Every structure is written in structure tokens, then in C-alpha cells.
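Below, each chain spelled out in residue letters.
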Amino acid sequence: MTSLRPVPTETLLPSTLCPAGSVPTAPPRRARRLLLVGGAAAAPDEARSCVHPDDERPSCLRVFVLKPPPRVAEPRLEFHLSTPRISEHALQALWHARPWGAVQLATRDGRPVRVLHAGRWSQDGGPDFQQAVLELDGRTVAGDVEVHLRASDWDAHGHGRDPAYAQVALHVVLEDDDRSAWTRGPTGSRIPKLEVGSWVRQLVASAPKGLPEAVWLGPGACRGTPLDVVRAAALAKGSQRIARRAAEIGARAAATNPEQAAWEALAEGLGYARNAAPFLRLARRVPIADLRARISTLGPLERLLHAEGVLLGAAGLLPADAGDDEARQRLRSLREAFFEHAEEWDAEGLRPGEWALGGTRPENSPVRRVAALAAVAARDGRLVDSWARAVEEGADLANWPGRALGLLRVPADAFWSRRCGFSGRPLSRPSALVGPDRALVLAVNALAPALLAVRGDLSARVQSLLAILPPPAPNRLTRLAGYRILSSSAPPPAGALEEQGRLQLAAEGCQWGREGCARCPLART
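This section reports on the structure supplied with the text. These numbers were taken from a predicted model, which means no experiment stands behind them.

1. Here we look at the overall build of the chain
Move 1: Scanning the chain for helices and strands turns up 20 helices and 15 strands.
Move 2: Long-range pairs, those at least 24 residues apart, make up 68% of the contacts in the chain with a sequence separation of at least 6.
Move 3: Summed over its atoms, the accessible surface of the chain is roughly 24000 Å², and 53% of this surface lies on carbon and sulfur atoms.

2. Observations regarding the pairing of strand S12 (residues 139-150)
Move 1: Direction of pairing for strand S11 (residues 129-136) relative to S12: antiparallel, over a ladder of six bridges. When the bridges of S12 are listed, Leu134 appears paired with Val141.
Move 2: The antiparallel pairing of S11 with S12 creates a hairpin that spans two residues between the two strands, and Asp137 there sits at a positive phi of about 55 degrees.
Move 3: Relative to strand S13 (residues 168-175), S12 runs parallel, the two sharing six bridges.

3. A look at the packing of helix H7 (residues 258-270) against helix H13 (residues 366-377)
Helix packing geometry: the angle between the two helix axes and the distance between the axes.
Move 1: Packing of H7 against H13 leaves a shortest axis separation of 10 Å and a crossing angle of 155 degrees. Between H7 and H13, the crossing angle belongs to the class labelled roughly antiparallel. Note on packing geometry: the crossing formed by H7 with H13 is right-handed. Two secondary-structure elements touch here, H7 through Trp263, Leu266, Ala267 and Leu270 and H13 through Arg369, Leu373, Val376 and Ala377.
Move 2: The residue inventory of the contact of H7 with H13, partitioned by class, reads seven nonpolar, no polar and one charged.

4. Remarks on the packing of aromatic side chains
Move 1: Tallied over the full model, the rule gives seven aromatic pairs.
Move 2: Residues Trp154 and Tyr165 carry aromatic rings whose centres are separated by 5.9 Å and whose planes lie at 80 degrees to one another, so their mutual orientation is edge-to-face. With a gap of 11 residues between them, Trp154 in helix H3 (residues 153-156) and Tyr165 in the loop between H3 and S13 connect regions that are remote in the sequence.
Move 3: On the numbers, 5.1 Å between centres and 85 degrees between planes, the contact of Phe279 with Trp355 is edge-to-face. Of this pair, Phe279 sits in helix H8 (residues 272-285) while Trp355 is found in the loop between helix H12 (342-345) and H13, placing the two residues 76 residues apart along the sequence.
Move 4: Its relative accessible area of 5% is what places Trp355 among the buried residues.

5. A word on the environment of Glu146
Move 1: Of note, Glu146 is situated in strand S12.
Move 2: Separated by 16 residues in sequence, Glu146 and Gln130 place their C-alpha atoms 8.7 Å apart.
Move 3: When near neighbours in sequence (up to four residues on either side) are disregarded, Glu146 contacts Gly126, Pro127, Asp128, Trp154, His159, Tyr165, Val168, Leu170, His171 and Val172.
Move 4: Reaching out from Glu146, the side chain makes a polar contact with the backbone nitrogen of Asp128 at a distance of 3.0 Å.

6. Some words on helix H2 (residues 88-97)
Move 1: Most of H2 sits inside the fold, with nine of its 10 residues counted as buried.
Move 2: The set of residues buried in H2 consists of Glu88, His89, Ala90, Leu91, Gln92, Ala93, Leu94, Trp95 and His96.

7. Comments concerning the pattern of salt bridges
Move 1: One pass over the structure, following the stated rule, counts 30 salt bridges.
Move 2: Note that Arg231 and Glu498 form a salt bridge whose closest N and O atoms lie 3.2 Å from each other. Of this pair, Arg231 sits in helix H6 (residues 227-255) while Glu498 sits in helix H19 (residues 496-508); the two residues are 267 residues apart in sequence, bridging distant segments of the chain.
Move 3: The exposure class of Arg231 is partly exposed, given its relative accessible area of 25%.
Move 4: Residue class for Glu498 comes out buried when judged on its relative accessible area of 3%.
Move 5: A salt bridge links Glu354 to Arg281; its shortest N-O distance comes to 3.1 Å. Here Glu354 is found in the loop between H12 and H13, whereas its partner Arg281 is found in helix H8, with 73 residues between them in sequence.
Move 6: Residue classification places Glu354 among the partly exposed positions, given a relative accessible area of 32%.
Move 7: Relative accessible area serves as the criterion here: at 39%, Arg281 is assigned to the partly exposed category.
Move 8: If you follow the salt bridges from partner to partner, you end up with Arg245, Glu248, Arg252, Glu264, Glu268 and Arg284 in one network.

8. Let's talk about the nonpolar core
Move 1: With 81 residues, the main nonpolar core has Trp263, Leu282, Leu291, Leu311, Leu373, Trp387 and Phe422 as its most contacted residues.
Move 2: Per-element tally for this core: the top contributor is helix H16 (residues 436-454), with 11 residues.

9. Side note on the side chain of Thr107
Move 1: Note on placement: Thr107 falls in the loop between strand S8 (105-106) and strand S9 (112-117).
Move 2: Residues in contact with Thr107, not counting those within four places in the same chain, are Val113, Leu136, Leu170, Pro192, Lys193 and Leu194.

10. Let's talk about the packing of H7 against H8
Move 1: At their nearest, the axes of H7 and H8 sit 6 Å apart, and the two run at 150 degrees to each other. As far as their axial angle goes, H8 and H7 are roughly antiparallel. In terms of crossing hand, the pair formed by H7 and H8 is right-handed. Of the residues in H8, those in contact with Gln260, Trp263, Glu264, Ala267, Glu268, Gly269 and Leu270 of H7 are Tyr272, Ala276, Phe279, Leu280, Ala283 and Arg284.

Conventions adopted
- Residues numbered from 1 in each chain as written.
- Predicted model: local features only at pLDDT ≥ 70, side-chain atom pairs only at ≥ 80, totals over all residues.
- Heavy atoms only, no water.
- Helix = DSSP H or I, 4+ residues; strand = E, 2+ residues; numbered from the N terminus.
- Contact = heavy atoms within 4.5 Å.
- Areas by Shrake-Rupley, 256 points an atom, 1.4 Å probe, with all protein chains shown as cover.
- Pairing = 2+ DSSP bridges.
- Axes fitted to C-alpha atoms, helices over the stretch in contact; angles between N-to-C directions.
- Parallel < 35°, antiparallel > 145°, perpendicular 65-115°, else oblique.
- Left-handed = near helix turned anticlockwise from the far one by under 90°.
- Nonpolar A, V, L, I, M, F, W, Y, C, P; charged D, E, K, R; others polar.
- Phe/Tyr/Trp six-rings, centres within 6.5 Å; stacked < 30°, edge-to-face > 60°.
- Buried < 20%, exposed > 50% of the residue type's maximum accessible area, 1.4 Å probe, protein only.
- Polar contact = N/O pair within 3.5 Å; in protein donor to acceptor, adjacent residues only side chain to side chain.
- Salt bridge = Lys/Arg side-chain N within 4 Å of Asp/Glu carboxyl O.
- Core = buried A, V, L, I, M, F, W, Y, C linked by side-chain atoms within 4.5 Å.

Geometric values such as these leave the question of function open.
So, in C-alpha cells, the structure goes:
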């Protein structure tokens, strides 16, 4: 779904905005609450009413022209049928591995290119590959290389105005969507452009499904390490990863309070990697104590609707309309709940464009995940207290995983069980807002580190819980670590803690090719 935002007033014809003689002015607060942009209450600089100098009553509202916001993230993108679908990191891995074979590379303006040195794969910002050496049209050129899925990403990411990109000597793109033979650098220079989509398709076909960088990066320097050594290293890395997460949550608890820190950790976990940042902003915009204070006197159903309305409204995810009568009725109830509390939360809410709405499974849509967060807020009891009871002394060890995961699962009501939003096609089957798989991830990334941070007396119990929790479903990084460290048919992690360790090994080493191997403890054993 494409999010919407208003065009600045200056881009619209004055006649479309105000009657003759009227003057734009900020609307009163009560009027601002009724101005919606993509479902979110408009901020003061985005909402204007027009009044005549001799009349204080608004005579018209600002006209909004809706258009998609600029794309600044780097997600998986949809291309035309001749271009393969891969991530930008996978394309960087391709450049790093240089599996060119007999392929003759040429820039968009027809000049032959040879890669003498691919450059140092940067992990600290700036161009993707630094200090590369190329032979361009028979002439040796030294400089940086920037890799994008689309040529237009150069401007979308602001590189054309960033002096850090002044030394870029080659712009490598999967698809040249602007059809220019070169890219404009920060100093006005013409940077040659190399489009690689026409033959990357053949390389993708030979790679494991969804993991082309595994073949391009090849086995790691540690391939062949005994499995027990790999597991010991992964357990150590997993413990370090959990400890760092606990320290981060502990710092938040010191700045606010333990309950708010747990609320923020839960919100981040519901956002997955792509929406963790807007979920964290939402949890800070609507603190758990303030939200529960507003809904504490309501009945169970009203608590849920008010929590859902406030959170979806503050998130900017209440749309202007819905796709059917049932959804319109739910949307009307949520809007009424949000506007009842809008004095508190409408001025600085999020905008739809801050959310990654594409590239996720329908049941994992941000709208459903915010609804899940609302359902947790509407429950009785404090988060930290209920989480602590799951691992407290006297609890049966065999029942720990079930008790912990049961707290984090969120069933869907009749409305959300088959919906991913307020419009669009229904889900193929009923789906919980948070099922067992995501509850397991939340237990590892939120519950366990939060308790380590704010309930030191339960440290040993939490460590025992981590030792017996099963591993979450594999993702790109854990599969990449298994392939590069062990084999193409690597055994899965033995538990959640080992899975966290494989994630960390991949994040620090496996996904960065040769440079990553140089930092990996397994490569030095």
C-alpha cells in the first residue's frame, strides 16, 4: 500500500486554496483535530484554514493533493519481469565476490570495464566499496563504488548532495530506471554507470532460494570447523548479544521506568527489523502508563477499542475510508476513540510514510502489529510483573516455555482474524495477531533481556529459560551463517541462545565476505 502525504502549499495554485482576499492562518486546535492526512491528524505546518481579514471563522480548508513520499529505505523492490528480485546486500555480495567469469562488463555509454580490485566493503557508512581499482576504457581508475538496486536510489538517498560520495568512480545498479548514461556526483562530475540486471538473473537461478549471497560469498574460512566448536562459539556470541540487549533496555529503564522499557522492547519486537524504529517512536509517543491511565475505567471491550484507536491514530495508520461496511464501522469506532484522546497525542504522531508497508507478509502488516500492541496494553497487570511470574521460583521448569510464550501470544478478535488492514483482500485463513513463532522471537528479544535488565534476582532463571527455548524459525542471516560456517545442509541451532549466536556471527562476519572472516573467532581457531 502506498502511503500519502500533502504537497506543500507553495506547489498548489492559490486559487485552489483560498477565496480572493483570504489569508492562510493556522486553524484552531479543535479544527486541527479534524484534518486528516492519510488517516493521521495533520501537524500545524501541514494544516491551514483560510480566513478573511474581517472574519475570524474559517472560510475554507487547505486542499491536499496526495502523492507517495520519496523512497529512502532500501527494501526488496519489485522490478519488471526481466530483472531478478534480490536485496541490496545480496547485490553488494555479488560485487564483493566478483563471479564475472567470461562476462564482458561495459558501462551504460558502452565503455568496457575490468575490476582489478573490488574495494573494501564498508560497514561504517559512505560508499559501499572504498578504494577500488578499475580499468575503464583501458585507463586505470582508483576510487569508490556505490551499489544500488535502482539508479534512482542515488538521488533518493541523497548521495548527490553528500561530499562523502565525491570519490565514487562507478555506480553499479541492478536496474537503470532513469536511463541516463551516467550519474551526477556531488561535485557535478559524471560517474559512469554499470547495469548488471541482465546477467544477475542467471546467477540467482543457481543460488539457494532466497539466499543468492551464500553462493556468491562461498564457504567461509572456518568451513570444516567441528560442530561442537561452532556451537560453543555461537552460545558465547548469543550470550553476548542478549547481554547487550539487556544493557540497552536497562539504560532505558533508568531514563524512564522498568515498565516503559519493557513496553518499548515489546513494541520493537513487534516491528520486525523493518519497522522496529517507528514502533519504538510509537511506544515513546504513547507511554504505557499514560495509555493505561486513560483506559483504566473502561470495560474490557472499550479498553481494547480505545487502546487500538489511540495507537493506530498516533501511528498515522487510521485510513480515510475502509473497504466494506464492517471495516467502516470498526474504523468509525477507532476514530471516535482516538479523537476523544487527541488533545494528548494527535500533534506529534507518526505519518504513514514512516512505516514500511510493502515487502511483508499480510498477517505481519504494521496495522495488525499495532493492533496486537493495543491488545497487550488493554490487558490487566503490569508487563514486568506478568513476565517475571513466568520464570519465578517454584515454576515447573518443563512449563517455562509454554508460560512465557503464552503471555506473548495475542489472539485476534473476529475483526482481525482474517484482515491485514481496513481494506484489501481477506487473509486466506484465520490468523492470530501474534502467533507462536513471533511469540518465541519476542521471548528472546524482549522478555528475556528485559527481565535481565530490571529483575536481576531472576537472572539465573532467565538464563535457564534461554537454554531450553527452541530456536525461532530460520531467517536470512542464520541460514547464511549455517551455509558459510558448516555446509549447504547445516543442522539447525540446538536452541534459542545458539540461534542468537549464529545471528551475531553472521551480522559481524558471514555477511561481509572475506573482511568478515578476518574478524570471526571461528576463522582464528
